[in-house]
There are 2 protein chains.
Amino acid sequence: MNARRPYKREGEEARRAALIRATLDCIAEGGPQAATVRAIALKAGVTQGLIRHYFATKEELIAAAHETLMTGLTEGSLARLDDLPADPLARLAGFIGNAVSPPVVDPRAMALWAASMQLVPRDPAMRAVHEATYLAFRDRLEAMIAQALRAAGKAPGPGESRAFAIAGNALLDGLWIEASLLPEHFTEGEMKSIAIKAFERLLDLKLPE
Amino acid sequence: MNARRPYKREGEEARRAALIRATLDCIAEGGPQAATVRAIALKAGVTQGLIRHYFATKEELIAAAHETLMTGLTEGSLARLDDLPADPLARLAGFIGNAVSPPVVDPRAMALWAASMQLVPRDPAMRAVHEATYLAFRDRLEAMIAQALRAAGKAPGPGESRAFAIAGNALLDGLWIEASLLPEHFTEGEMKSIAIKAFERLLDLKLPE
DNA sequence: TTGGCAATTATGCAAGCGTATAATTTAGGC
DNA sequence: GCCTAAATTATACGCTTGCATAATTGCCAA
């Protein structure tokens, strides 16, 4: 008579977080097709039935994992801003530097991001999450750009600010992808320098560092 | 007594090409998980058993499809370069405009690209293909930027040209992704205008159109 | 100490998957 | 016009998947 596996009760938050972390690990290691209910449960140290207790469907778990990933990436770029001087130009420069340097630049994160992008066009939930996180990031960038320009006495026109944010966001996205996908083609310092100089020319600003 | 489905014999090349095309269609429409043997066979207008007659395993078919996709994308972008005007400034502007407008901007291409990106960090062959196509594209852009700058009497410094190409490539990639992923957030004209203006400021150039 | 309830495990199921193999049809050489 | 080899269809098998449900266990209140 095999004894039933012993277990510990965990708070709802902790369990959900553990399941999401296990999901992201599975996707990062073997792609979305490797993130089966059984594999996720194994990695999280629970049995598969528990997943359905916290997420009505696997799709729901995947969407939650995507949201966690994206907000994590966004916050990674914003996290160390508090260490920088309040000067708007230094803040913008620091933000740009963070976005194209480790730990934001990371092959694992890149693989997860690519997996998510693939789902966005056909899964409404994923699309909504992407839209929200994309706009949140872009709005932060737009505000920072506007403050930096004002600090330099070059207040942007109404539509100009939006265009700067769209282009700046695209620039950071592209550099992040390149740095994450082919890291040995660039040194960390080079990427940072290219990003800062590109923003300087884009905004006609002199940025510190 | 149901009659057995009638069929036509096709040349090996044609059948392999049809199966690969059907595979890419399936991936574009429903992601890799939708590219099942049965779905591919249905879309190709054959029965599933035939697939194994041309490809020993499904993995082999997927690999062939990815190779076809990547070489097709590379050749497509290189071919479009020849259709552009000879004047360096108009040439660069036209190239930028094309890169952020249909048919280059295309949800199907985006989905396929995301599926490939996902494999790059894990699969050395995919990584090699990506590296080669990325560098080929970037080198072409670098040459066009250098010619445009020279035409405007602003020859770039040695390291400057590389930095412009990396940043410009990142900018185009990012805008292409945004436009493909959230098309209703931008009008075609807006994206084109943003891209051209961003390059004008980045390179300190006046571009036509 | 002990109920009781929610958290967790355990088991089962139907559907879809890739693959194997046998049966049949097509097309071309003779 | 038939005969043969290859192309294609048809069928079946074993496995994995996501999901459902029953059985058990851990924990907290009383």
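Attention here is on the structure that accompanies the text. (Residues numbered from 1 in each chain as written. Chains lettered and ligands numbered in written order. Predicted model: local features only at pLDDT ≥ 70, side-chain atom pairs only at ≥ 80, totals over all residues. Heavy atoms only, no water.)

## Notes on the overall build of chain A
Tallying secondary structure elements over chain A gives nine helices and zero strands in all. Put simply, chain A runs from its N terminus to its C terminus through helices and strands in the order α-α-α-α-α-α-α-α-α. Once the C-alpha set of chain A is aligned to its principal axes, its extents read approximately 80 × 35 × 35 Å. Counting across all 209 residues of chain A, residues that qualify as buried make up 49%. When contacts within chain A are restricted to residue pairs at least 6 apart in sequence, long-range pairs at least 24 apart make up 67% of them. Total accessible area on chain A stands at roughly 10,000 Å², and carbon and sulfur atoms take up 54% of it. (Helix = DSSP H or I, 4+ residues; strand = E, 2+ residues; numbered from the N terminus. Buried < 20%, exposed > 50% of the residue type's maximum accessible area, 1.4 Å probe, protein only. Contact = heavy atoms within 4.5 Å. Areas by Shrake-Rupley, 256 points an atom, 1.4 Å probe, with all protein chains shown as cover.)

## A short note on the pattern of salt bridges
In this structure the tally under the stated criterion is 15 salt bridges over all chains. The salt bridge partner of Arg127(B) is Glu184(A), with a shortest N-O separation of 2.9 Å. Linking Arg127(B) in helix α7 (residues 124–151) with Glu184(A) in the loop between α8 (158–181) and α9 (188–203), this pair reaches from one chain into another. Classification of Arg127(B) by relative accessible area gives partly exposed; the value is 25%. Note that Glu200(B) and Lys206(B) form a salt bridge whose closest N and O atoms lie 3.3 Å from each other. (Salt bridge = Lys/Arg side-chain N within 4 Å of Asp/Glu carboxyl O.)

## With respect to the interface of chain B and chain A
Each partner contributes to the interface: chain B provides 50 residues, whereas chain A provides 49 residues. Note on chain B versus chain A: buried area summed over both sides is about 3,800 Å², and carbon and sulfur give 62% of it. On inspection of chain B and its partner chain A, the count reaches five salt bridges. Inspection of the chain B/chain A interface yields 19 residue pairs in polar contact (both at pLDDT 80 or more). Broken down by secondary-structure element, the contributors of at least two residues to the side of chain B that touches chain A are α1 (12–30), α6 (107–119), α7, α8 (158–181) and α9 (188–203) of chain B. For the side of chain B that touches chain A, the class distribution of residues is 29 nonpolar, eight polar and 13 charged. (Buried area = accessible area lost by both parts, 1.4 Å probe. Polar contact = N/O pair within 3.5 Å; in protein donor to acceptor, adjacent residues only side chain to side chain. Nonpolar A, V, L, I, M, F, W, Y, C, P; charged D, E, K, R; others polar.)

## Structural notes on the protein's contact with DNA strand D
The environment of DNA strand D is made up of 26 residues, and the closest members are Arg9(A), Arg52(A), Arg9(B), Arg15(B) and Tyr54(B). Each atom of DNA strand D within 4 Å of the protein was classed as base or backbone; sugar and phosphate made up 64%. One of the side-chain nitrogen or oxygen atoms of Arg4(B) is found 2.8 Å away from a base oxygen of DNA strand D. Residue Lys8(B) places a main-chain N or O atom 3.2 Å away from a phosphate oxygen belonging to DNA strand D. Going through the elements one at a time, α2 (37–44) and α3 (48–54) of chain A together with α3 (48–54) of chain B are the ones with two or more residues in the surface near DNA strand D. Tallying contributions element by element places α3(B) first for the surface near DNA strand D, with four residues. The class makeup of the residues in the surface near DNA strand D is seven nonpolar, six polar and 13 charged. (Near = heavy atom within 4 Å.)

## Topic: unusual backbone geometry
Leaving glycine aside, a negative phi is the common case for residues, and trans is the common case for peptide bonds. Residue and element names in this part refer to chain A. With an omega dihedral of 5 degrees, the bond running from Pro 102 to Pro 103 counts as a cis peptide bond. By the secondary structure assignment, Pro 103 is in the loop between α5 (88–99) and α6 (107–119). The backbone of Asp 204 sits at a positive phi, close to 55 degrees, despite the residue not being glycine. In this fold, Asp 204 is placed in the segment after α9.

## Examining empty space enclosed by the protein
Here the structure, examined in full by the defined rule, presents three cavities of 30 Å³ or more. What the largest cavity holds in volume is close to 370 Å³. Contributing to the lining of the largest cavity are 21 residues, with Met70(A), Trp113(A), Phe137(A), Asn169(A) and Asp173(A) lying nearest its centre. Elements with a minimum of two residues in the lining of the largest cavity: α4 (58–79), α6, α7 (124–151) and α8 of chain A together with α8 of chain B. Of the residues forming the lining of the largest cavity, the biggest block, five residues, is contributed by α8(A). In the lining of the largest cavity, the residues fall into 14 nonpolar, five polar and two charged. (1 Å grid on protein atoms, 1.4 Å probe; cavity = no way out; pocket = protein on both sides within 12 Å on 5 of 7 lines; lining within 4 Å. Points joined across faces, edges and corners; volume = space filled by probe spheres on them.)

## With respect to the packing of aromatic side chains
Remark: the centre distance and the inter-plane angle together describe each pair of aromatic rings, the angle taken between the planes. Scanning the entire structure with this criterion turns up five aromatic pairs over all chains. Relative to Trp176(A), the ring of Trp113(A) has its centre 5.6 Å away and its plane inclined at 85 degrees; by these criteria the two rings are edge-to-face. Here Trp113(A) is found in helix α6, whereas its partner Trp176(A) is found in helix α8, with 63 residues between them in sequence. On the basis of relative accessible area, Trp113(A) is assigned to the buried category, the value being 7%. Trp176(A) sits in the buried class, given a relative accessible area of 8%. Here the aromatic cluster, defined as three or more aromatic residues joined through ring pairs, consists of Trp113(A), Trp176(A), Trp113(B) and Trp176(B). (Phe/Tyr/Trp six-rings, centres within 6.5 Å; stacked < 30°, edge-to-face > 60°.)

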